[in-house]
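Each chain, written out:
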Amino acid sequence: MWESHPDFLAVVHNAWQKDFHGSPMFILVKKLQHTKVILKQWNHRVFGLVQQQLQTGRATLEAAQNALMMDPLNPSLISTEARAKLAFLDLLRVEESFLRQKSHQLWLSDGDRNSHFFHSMVEARIPGIPSELCSFKMVLSLRTILQ
């Protein structure tokens, strides 16, 4: 999500330019801490209100499309609708990226805990095997048999 934003590299570069004094390891740690703070602030400012921005973008697009239906040959309304559509699609991509990262984070936190979630995912990956048979040893032996 961040890497696709045009300002990301500039934000990191500017944050990294702050001078610290001390040993090289101390400087590295301080630069990393400073960059983390700056990136958190930037993230909240740029991506923090994605749901609200989506609602606003959808409303703007609908208003532009309704106005365009009333006057379909107006070039100003055509360009306004095109800009609103592009902005809305960009927001949808940001939301999709956010949800993808969130699901990956959920998998990392809940996927390896030998939980119901983990067993459900294993069962989905090895169809036809009931979840009560999907112990870790059973999964390993089934994978070797299936290979």
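Note that this is a predicted model, so its numbers are computed, not measured. Counting of residues starts from 1 at the beginning of each chain's written sequence and follows it residue by residue. In keeping with the model being predicted, local features are shown solely for residues with a pLDDT of at least 70 and side-chain atom pairs are shown and tallied solely at 80 or more, while totals for entire chains, interfaces and linings include all residues. Side-chain numbers come from the whole structure's heavy atoms, not from hydrogens or water.

A. Summary view of the overall build of the chain. Within the chain, the regular secondary structure consists of six helices and zero strands. In the chain, the succession of helices and strands from N to C terminus is α-α-α-α-α-α. Residue contacts are counted whenever heavy atoms from the two residues lie within 4.5 Å of one another. Of all intrachain contacts in the chain linking residues separated by at least 6 positions in sequence, the fraction that spans at least 24 positions is 41%. Looking at the chain as shown, the accessible area adds up to about 11,000 Å², and 62% of this sits on carbon and sulfur atoms. Per the convention used, a helix needs a DSSP run of H or I reaching at least four residues, while a strand needs a run of E reaching at least two, with both numbered from the N terminus. Accessible surface is estimated by sampling points in the Shrake-Rupley manner with a 1.4 Å probe; for residues, cover comes only from the protein chains shown.

B. Spotlight on the environment of Lys31. By the element assignment, Lys31 lies in helix H2 (residues 24-47). A relative accessible area of 14% places Lys31 in the buried class. Separated by 14 residues in the primary sequence, Lys31 and Gln17 place their C-alpha atoms 8.3 Å from one another. If sequence neighbours within four positions are ignored, Lys31 has contacts with Trp16, Lys18 and Phe20. Only protein chains enter the area calculation, which uses a 1.4 Å probe; residues under 20% of their type maximum are buried, those over 50% are exposed, and those in between are partly exposed.

C. Main features of the nonpolar core. Here the nonpolar core consists of buried residues drawn from Ala, Val, Leu, Ile, Met, Phe, Trp, Tyr and Cys, with membership extended through side-chain atoms lying within 4.5 Å. Among the nonpolar cores identified, the biggest contains 13 residues, and Leu39, Trp42, Phe47, Val50 and Leu54 are the most heavily contacted of them. If you list the elements that add at least two residues to this core, you get helix H1 (8-16), H2, helix H3 (50-70) and helix H4 (75-110).

D. Geometry of H1. All of the buried residues along H1 are Phe8, Val11 and Ala15. The buried residues of H1 all sit within an arc of 65 degrees when viewed along its axis, so they share a single face. Across from the buried face of H1, at angles greater than 90 degrees, the exposed residues are Leu9 and Asn14. Elements that come into contact with the buried residues of H1 comprise H2. As used here, the arc is the angular range of directions from the helix axis to the C-beta atoms.

E. Molecular detail of the pattern of salt bridges. A carboxyl oxygen of Asp or Glu within 4 Å of a side-chain nitrogen of Lys or Arg is what we treat as a salt bridge. In this structure the tally under the stated criterion is three salt bridges. Two residues, Asp90 and Arg93, come together in a salt bridge whose shortest N-O distance is 2.4 Å. Here Arg93 and Asp90 lie together in helix H4, a separation of three residues that amounts to about one turn. Note on Asp90: relative accessible area 40%, which makes it partly exposed. One salt bridge connects Arg100 with Glu96, and the closest N-O pair in it is separated by 3.2 Å. Here the residue Arg100 and the residue Glu96 both occupy positions in helix H4, the gap between them amounting to four residues, near one helical turn.

F. The arrangement of the packing of H1 against H2 in detail. Closest axis-to-axis distance for the H1/H2 pair is 9 Å, and the angle between their directions is 140 degrees. Regarding the angle of H1 to H2, the classification is oblique. By crossing handedness, the relation of H1 to H2 is classed as right-handed. Residue-level contacts link Phe8, Val11, Val12, Ala15 and Trp16 of H1 to Leu28, Lys31, Leu32, His34, Thr35, Ile38, Leu39 and Trp42 of H2. When its residues are assigned to classes, the contact of H1 with H2 shows 10 nonpolar, two polar and one charged. The convention used is that axes are lines fitted to C-alpha atoms, helices contributing only their stretch in contact, and that angles between N-to-C directions extend from 0 to 180 degrees. Angles below 35 degrees are treated as roughly parallel, those above 145 as roughly antiparallel, those between 65 and 115 as roughly perpendicular, and all remaining angles as oblique. Crossing handedness: left-handed means the near helix sits turned counterclockwise from the far one by under a right angle, and right-handed means the same turn made clockwise. Three residue categories are used. Nonpolar comprises Ala, Val, Leu, Ile, Met, Phe, Trp, Tyr, Cys and Pro, charged comprises Asp, Glu, Lys and Arg, and polar comprises the others, including Gly.

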